[in-house]
Amino acid sequence: MIIAIDGPSGAGKSSVSVEVARILGFSCLDTGAMYRAVAWQAVQDGVSFDDAEALGQIARTREIEFAHEEGNPKPVGVSIGGADVTKAIRTREIDHAVSPVSAVPAVREALVAQQQRIGNAGDYVVEGRDIGTVVFPGAEVKVFLTASNEARAKRRVLQNEQRGVGSTDFDEVLADIVRRDELDSSRAASPLKPASDAVHIDSSDMTMQEVIDEVCALAKKAM
């Protein structure tokens, strides 16, 4: 069974996905980390974000793997081409790099194939921006999770403070969220948009637990 959770940056997709998976006994497929890994490799190799051919080559030839621990639905590590990039892909530099890299059709095609292979082999909660529309259009449960720009910026600042990486300046984070929304919504390849049959959840004035409960209820109804 696939539970697809789509939505813009900072809406709470990652946190909700992990807890929903834990409650239901599912695993999480961190698609965002895969794009971040390709972006990291591009930076390391000095590849221009305008060089679609080279970016696609990275996505096709560099194997991305996740490390898991028993009882934990969330991957505890990610590697690309054998290099551990678990922390390296969560920096401000990669925050800025991931949108242009993920907009490249060749990158998306290569990574979607990997995601489908992994997801179709088990029960997964998968979050991203085109999960219900492109990656798993046949997902049994589809959710489009969003929140106001201000609410998302506050959450991202708090998250960055807790993990010790990324900007903690509210105005800078807010501007980056707006910029990423524009890039993700206007790109030609798999733009950010809800699936026609997705359930919309606005988490601006909801607690994370309330969102989790609603998604779990949808999943149990679909089982």
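## Things to note about the sheet that holds strand 3 (residues 64-67)
Then, number 1: An order of 3-4-5 is seen for the three strands of this open sheet, with the pairing classed as antiparallel. Looking at strand neighbours, the two that pair on one side only are strand 3 and strand 5 (83-84), the edges of this open sheet.
Then, number 2: Direction of pairing for strand 3 relative to strand 4 (residues 77-80): antiparallel, over a ladder of four bridges. Bridge pairing in strand 4 places Glu65 opposite Ser79.

## Section: the sheet that holds strand 2 (residues 27-30)
Then, number 1: Spatially, 2-6-1-7-8 is the arrangement adopted by the five strands of the open sheet, whose pairing is parallel. At either end of the open sheet lies a strand with only one pairing partner, and these are strand 2 and strand 8 (199-202). When the angles between neighbouring strand axes are averaged without regard to direction, this sheet yields 25 degrees.
Then, number 2: With four bridges connecting them, strand 7 (residues 141-146) and strand 8 associate as parallel partners. If you follow Val143 over to strand 8, its bridge partner there is Val199.
Then, number 3: Where helix 1 (residues 13-24) meets the sheet, it contacts strand 1 (2-6), strand 2, strand 6 (124-128) and strand 7, and its direction lies at approximately 175 degrees from that of strand 6.

## Overview of the nonpolar core
Then, number 1: Grouped together as the largest cluster of nonpolar side chains are 37 residues, with contacts concentrated most on Val38, Ile64, Ile80, Val107 and Leu111.
Then, number 2: Considering every element that reaches this core, the biggest residue donor is helix 2 (residues 31-45), with eight residues.
Then, number 3: Ignoring any residue separated from it by four or fewer positions in sequence, one finds Leu111 in contact with Met34, Tyr35, Val38, Ala59 and Ile64.
Then, number 4: The next biggest cluster of nonpolar side chains, apart from the first, holds 21 residues, and it includes Val20, Phe26, Cys216 and Ala219.

## Re the environment of Arg60
Then, number 1: Mapping Arg60 onto the fold places it in helix 3 (residues 52-61).
Then, number 2: Separated by 3.2 Å, the side chains of Arg60 and Gln57 make a polar contact.

## Quick notes on the confidence of the model for the protein chain
Then, number 1: When the pLDDT values of the protein chain are averaged, the result is 92; 100% of them are 70 or greater.
Then, number 2: The spread of mean pLDDT over the elements of the protein chain runs between helix 8 (residues 170-186), the lowest at 88, and strand 5, the highest at 98.

## Observations regarding helix 1
Then, number 1: Compared with an ideal rise of 1.5 Å per residue, which puts twelve residues at 16 Å, helix 1 spans 16 Å between its outermost C-alpha atoms and is within 8% of the ideal.
Then, number 2: Three or more residues of helix 1 are buried, namely Lys13, Val16, Ser17, Val18, Val20, Ala21 and Leu24.
Then, number 3: Tucked inside the fold, the buried residues of helix 1 contact strand 1, strand 2, strand 6, strand 7 and helix 9 (208-222).
Then, number 4: Among the residues trailing helix 1, Gly25 stands out with phi positive, at a value near 80 degrees.

## Regarding the pairing of strand 6
Then, number 1: Most of strand 6 is tucked away: five of the five residues are buried.
Then, number 2: Burial along strand 6 is two-sided: Tyr124, Val126 and Gly128 and Val125 and Glu127, pointing in opposite directions, are all buried.
Then, number 3: Where strand 1 and strand 6 come together, five bridges link them in parallel fashion. Within strand 6, the residue paired with Ile2 across the bridge is Tyr124.
Then, number 4: Judged from the four bridges that link them, strand 2 and strand 6 form a sheet pairing that is parallel. Looking at strand 6, one finds that Ser27 is bridged to Tyr124.

The rules behind the values
- Per chain, the residues get numbers from 1 upward, laid out in the order the sequence is written.
- Local features are withheld for residues below a pLDDT of 70 in this predicted model, meaning they are given only at 70 or higher, and side-chain atom pairs are given and counted only at 80 or more; totals for whole chains, interfaces and linings count all residues.
- Water and hydrogen atoms were dropped before computing side-chain values, which therefore reflect all heavy atoms in the structure.
- Only when DSSP finds a minimum of two bridges between them are two strands counted as paired.
- By definition, any uninterrupted DSSP run of H or I lasting at least four residues is a helix, any uninterrupted run of E lasting at least two residues is a strand, and each is numbered from the N terminus.
- Axis definition: a line fit to C-alpha positions, over the contact stretch in the case of helices; interaxial angles, taken between N-to-C directions, run 0 to 180 degrees.
- Any two residues whose heavy atoms approach within 4.5 Å at even a single point are treated as in contact.
- Here, nonpolar core means buried Ala, Val, Leu, Ile, Met, Phe, Trp, Tyr and Cys residues that are tied together by side-chain atoms lying within 4.5 Å of each other.
- Think of it in three bands: residues with accessible area under 20% of the maximum for their type are buried, residues over 50% are exposed, and the middle band is partly exposed, with areas taken using a 1.4 Å probe on protein chains only.
- A 3.5 Å cut-off defines polar contacts: any pair of N or O atoms within that distance qualifies, except that in protein one atom must be a possible hydrogen donor and the other a possible acceptor, and neighbouring residues in sequence count only when both atoms are side-chain atoms.
- For every residue, the predictor states its confidence as a pLDDT score lying anywhere from 0 to 100.
- Multiplying one less than the number of residues by 1.5 Å gives the expected span of a helix.

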